[in-house]
Amino acid sequence: QVQIVESGGGLVQPGGSLRLSCAVSGSIFHLYVMGWYRQAPGKQRELVAAIASGGQTNYADSVKGRFTISRDNAMNTVYLQMNSLKPQDTAVYYCNAVWTDVRRYEYWGQGTQVTVSS
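Just so it is clear, the model here is predicted, and its values are computed rather than measured.

Caption draft 1: Summary view of the overall build of the protein. The secondary structure content of the protein amounts to zero helices and 11 strands. If you list the helices and strands of the protein from N to C, you get β-β-β-β-β-β-β-β-β-β-β. In terms of C-alpha radius of gyration, the protein reaches 14 Å, essentially the compact-globule figure of 13 Å for 118 residues. Within the span of the protein, comprising 118 residues, buried residues form 41% of the whole. Charge-centre separation for the protein: the mean point of 10 positive side chains lies 4 Å from the mean point of 7 negative side chains.

Caption draft 2: Structural context of the state of the cysteines. Enumeration over the complete set of coordinates arrives at one disulfide. Here Cys-22 pairs with Cys-95 through a disulfide, and the sulfurs are 2.0 Å apart. The sign of the -80° torsion about the S-S bond sets the Cys-22-Cys-95 disulfide as left-handed. One end of the pair, Cys-22, is in strand S3 (residues 18-24); the other, Cys-95, is in strand S9 (residues 91-100), with 73 residues separating them in the sequence. Accessibility expressed as a relative area gives 0% for Cys-22, which makes it buried.

Caption draft 3: Local environment of the side chain of Arg-66. Position of Arg-66 among the secondary structure elements: in the loop between strand S6 (57-59) and strand S7 (67-72). Within the structure, the side chain of Arg-66 is placed 2.9 Å from the backbone oxygen of Ser-62, a separation counted as a polar contact. The residues contacting Arg-66, other than those within four sequence positions of it, are Gln-81, Met-82, Asn-83, Ser-84, Leu-85, Lys-86 and Asp-89.

Caption draft 4: Spatial organisation of the nonpolar core. One finds Met-34, Trp-36, Val-78, Leu-80, Met-82 and Tyr-93 to be the most contacted residues of the largest nonpolar core, which totals 30 residues. Counting only elements with at least two residues in this core, the list comes to S3, strand S4 (33-39), strand S5 (46-51), S7, strand S8 (77-82), S9 and strand S11 (112-116). Here Met-34 is in contact with Cys-22, Val-24, Phe-29, Ala-49, Ala-50, Ile-51, Ile-69, Arg-71, Val-78, Cys-95, Asn-96 and Ala-97, once residues within four sequence places are set aside.

Caption draft 5: Here's a closer look at the pairing of S5. Pairing geometry for S4 and S5, over five bridges, is antiparallel. What sits directly across from Tyr-37, in S5, is Leu-47. Hairpin connection of S4 to S5: six residues between the antiparallel strands, including Gly-42 at a positive phi of 75°. In this sheet, S6 lies alongside S5 in antiparallel orientation, the contact comprising three bridges. Bridging from a neighbouring strand, Ala-50 pairs with Asn-58 of S6. In textbook terms, the turn of a hairpin is the stretch between consecutive antiparallel strands, and for S5 and S6 this stretch comprises five residues, one of which, Gly-55, has a positive phi near 100°.

What counts, and at which threshold
Residues numbered from 1 in each chain as written. Predicted model: local features only at pLDDT ≥ 70, side-chain atom pairs only at ≥ 80, totals over all residues. Heavy atoms only, no water. Helix = DSSP H or I, 4+ residues; strand = E, 2+ residues; numbered from the N terminus. Rg over C-alpha atoms; globule rule 2.2 N^0.38 Å. Buried < 20%, exposed > 50% of the residue type's maximum accessible area, 1.4 Å probe, protein only. Lys, Arg positive; Asp, Glu negative; His and termini not counted. Charge placed at Lys NZ, Arg CZ, Asp CG, Glu CD. Disulfide = S-S within 2.5 Å. Polar contact = N/O pair within 3.5 Å; in protein donor to acceptor, adjacent residues only side chain to side chain. Contact = heavy atoms within 4.5 Å. Core = buried A, V, L, I, M, F, W, Y, C linked by side-chain atoms within 4.5 Å. Pairing = 2+ DSSP bridges.

Here's what the structure looks like:
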């Protein structure tokens, strides 16, 4: 069973920064497409950023230029560097791992709270 553990959430003032980390168990981390999603109260879960096994990235328009997703395959870890945070970035952030072979395998972390408030 794949385990995903997020860390790095917390309370930050508007304009501040946080870095989220997501550690994934197992030996095929390098094959996963990794993503960060978020869900604010009363809203649907949305994709924030994703990074493919080859390093290609994509971002939600709302975070482009402020957030950066990266991965360290040697450490089985994906990161989300969040700068210039806004109150509307407040949400529970979830890490997601997807691998497609003959079937699709998808795993989620438990989430980490990010609160942007003065």
